[in-house]
Amino acid sequence: MYITRRKTRQIKVGKVKIGGDAPISVQSMTATDTRDVKATVEQIHQLEQAGCEIVRVAVPDMEAAAALPKIKAQMTVPLIADIHFDHRLALKAAEVVDCVRINPGNIGAWWKTAEVIKAVNDHGIPLRVGVNGGSLERHLLEKYGYPTAEALAESALNAVHALEDVGFTNMKVSLKASDVHMAVDAYWLFAQQSNYPLHIGITEAGTAQTGAVKSAIGLGWLLSNGIGDTLRVSLAADPVEEVKVGFEILKSLELRHRGINVIACPTCGRVEIDVVRMANELEKRLGHIKAPLNVSVLGCVVNGIGEGKEADIGIAGGEGVGILFKKGKLVRKVPMEELMDTLIQEVELLAQEREAEESSEEKPASGQGNGGPSQALRPNATDAPSALGRELPVLPNKR
Ligand code: SF4
């Protein structure tokens, strides 16, 4: 494990711990009309099936807020209400959900935020303070001229300090921009000054492929530098894809180990099986498996089996037959037409063994303590100067 995570305070969104030594959780947001309970619950179930650990729904009006109890009753993962503009929606949602997200930049007068704080406090749920490049406070736009990383960080810090001033600390923070540099810089600046857990993401990242690449670069940099306690990959695609990409990012950095990791060779002139089709089929048919398993599909045995040493199990093409191997060692030859089904069966068996062996608890990344820092009223950032007041540090690329 190469990554030392930033030490953050810990909060709980329903049963999911965020920050401290908790695993970095993957969340997503429904794309359905929240007033349509049936469609929303259906999508939530798809997200749960994909491994999504927290689901957020938009609450644009009172009808959507009124739908929340029915939605909440039919789901198993924690529910977050996403509120903009109208604080009364947050008051209503707080009665039901596990966390409320507001953007202080667009909620209006301070007394409205104060009412939301009272409501979440009364219900014992946390708040997500979500700062966004598209809705910064006017005085910050005047100060910086346009949305910048510094403006985002200052907005988030101001919000955090205002909440602390009334004794509220049960929160996580996000600072989102669609520009990768701006988002990364904003999170970095904030992380130097505060130890609240961070929800990380690149907002409006784009279509499935573009958004996945942008998110992998932005979130990859942050996570590699220990920043980030929960994440959402924002894609203009089926939200289930967001969950898959989120886990792929975490798996690539060895921060989470969940489900099948398909290792497939790029193929070359030696290829003897349809690697591309088989790798895609594997991901599809084995998406339900939770146990972490490396499964490899290699085009030939020339380098194949040796290259597959990292894999728990795999197949390689070999002169008209398929070769099944485990940990780089040949197990048996399999007729080509049975190769795919044989591999699926073997992986299912292996997964059952693993799931029986392993406790549900995942190992935390190194450098994390045995619990989050205490919920002191006015925390000082860990390893960082006091933020309050206060000069932002200079970004490394602007020094
Ligand atoms: S495993 Fe075989 S087919 Fe695949 S890239 Fe290597 S040599 Fe080529």
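Let us look at the structure shown here. (Residues numbered from 1 in each chain as written. Predicted model: local features only at pLDDT ≥ 70, side-chain atom pairs only at ≥ 80, totals over all residues.)

**So, the overall build of the chain**
Link 1 in the chain: Across its full length, the chain holds 12 helices and 15 strands.
Link 2 in the chain: A total of 399 residues make up the chain; the buried ones form 46% of that total.
Link 3 in the chain: Partitioning the intrachain contacts of the chain with sequence separation of at least 6 by distance along the chain shows that 65% fall at a separation of at least 24. (Helix = DSSP H or I, 4+ residues; strand = E, 2+ residues; numbered from the N terminus. Buried ≥ 20, exposed ≤ 12 C-beta atoms within 10 Å, placed from the backbone. Contact = placed C-beta atoms within 7 Å.)

**Description of unusual backbone geometry**
The phi angle of most residues is negative, glycine excepted, and most peptide bonds adopt the trans form.
Link 1 in the chain: Look at Phe-85: it is not a glycine, yet its phi comes out positive at around 70°.
Link 2 in the chain: For Phe-85, the location among the structural elements is in the loop between strand S5 (79-83) and helix H3 (87-93).
Link 3 in the chain: Even without a glycine there, the phi angle at Glu-319 is positive, about 45°.
Link 4 in the chain: With respect to the helices, strands and loops of the structure, Glu-319 is situated in the loop between strand S13 (313-318) and strand S14 (321-326).
Link 5 in the chain: Given 9 C-beta atoms within a 10 Å radius, Glu-319 is considered exposed.

**Digging into helix H2 (residues 62-72)**
Link 1 in the chain: Taken as a whole, H2 has its buried residues at Ala-64, Ala-65, Ala-67, Leu-68 and Ile-71. One side of H2 holds all its buried residues, which, seen down the axis, span an arc of 155°. Residues of H2 that are exposed and angled more than 90 degrees away from the buried face: Glu-63 and Pro-69.
Link 2 in the chain: Looking at the buried positions of H2, the neighbouring elements they touch are helix H1 (37-49), strand S4 (54-58), S5 and H3. (Arc of directions from axis to C-beta.)

**Quick notes on helix H9 (residues 239-252)**
Link 1 in the chain: With 14 residues, H9 should cover 20 Å at 1.5 Å per step; its first-to-last C-alpha distance of 20 Å lies within 8% of that length.
Link 2 in the chain: Taken together, the buried positions of H9 are occupied by Pro-239, Glu-242, Val-243, Lys-244, Val-245, Gly-246, Phe-247, Ile-249 and Leu-250.
Link 3 in the chain: Elements that come into contact with the buried residues of H9 comprise strand S3 (25-29), H1, helix H8 (208-224) and strand S10 (230-232).
Link 4 in the chain: Glu-254 sits one or two residues past H9 and shows a positive phi near 60°. (Expected span 1.5 Å × (residues − 1).)

**Quick look at the sheet that holds strand S6 (residues 99-102)**
The strands making up a sheet are joined through hydrogen bonds of the backbone, oriented either antiparallel or parallel.
Link 1 in the chain: The strand order across the open sheet formed by eight strands is S8-S7-S6-S5-S4-S3-S10-S9, and the pairing between neighbours is parallel. The open sheet has two free edges, formed respectively by strand S8 (171-176) and strand S9 (199-200), since each of these has just one partner strand.
Link 2 in the chain: Direction of pairing for strand S7 (residues 127-132) relative to S8: parallel, over a ladder of six bridges. Bridge pairing in S8 links Asn-132 to Lys-176. (Pairing = 2+ DSSP bridges.)

**With respect to the nonpolar core**
Link 1 in the chain: Membership of the largest hydrophobic core comes to 83 residues, with the highest contact counts inside it found for Ala-93, Val-100, Ala-156, Ala-186 and Tyr-187.
Link 2 in the chain: Per element, the largest residue contribution to this core is nine residues, and it comes from helix H6 (residues 149-165).
Link 3 in the chain: Counting 22 residues, the second-largest nonpolar core is a separate cluster that includes Cys-265, Val-295, Val-297 and Leu-339. (Core = buried A, V, L, I, M, F, W, Y, C linked by C-beta atoms within 7 Å.)

**Considering the environment of Ser-215**
Link 1 in the chain: Positionally, Ser-215 belongs in helix H8.
Link 2 in the chain: For the pair Ser-215 and Val-245, spaced 30 residues apart in sequence, the C-alpha separation works out to 8.6 Å.
Link 3 in the chain: Apart from the residues lying within four places of it in its own chain, the contact partners of Ser-215 are Ile-202, Ala-205, Val-233, Val-245 and Ile-249.

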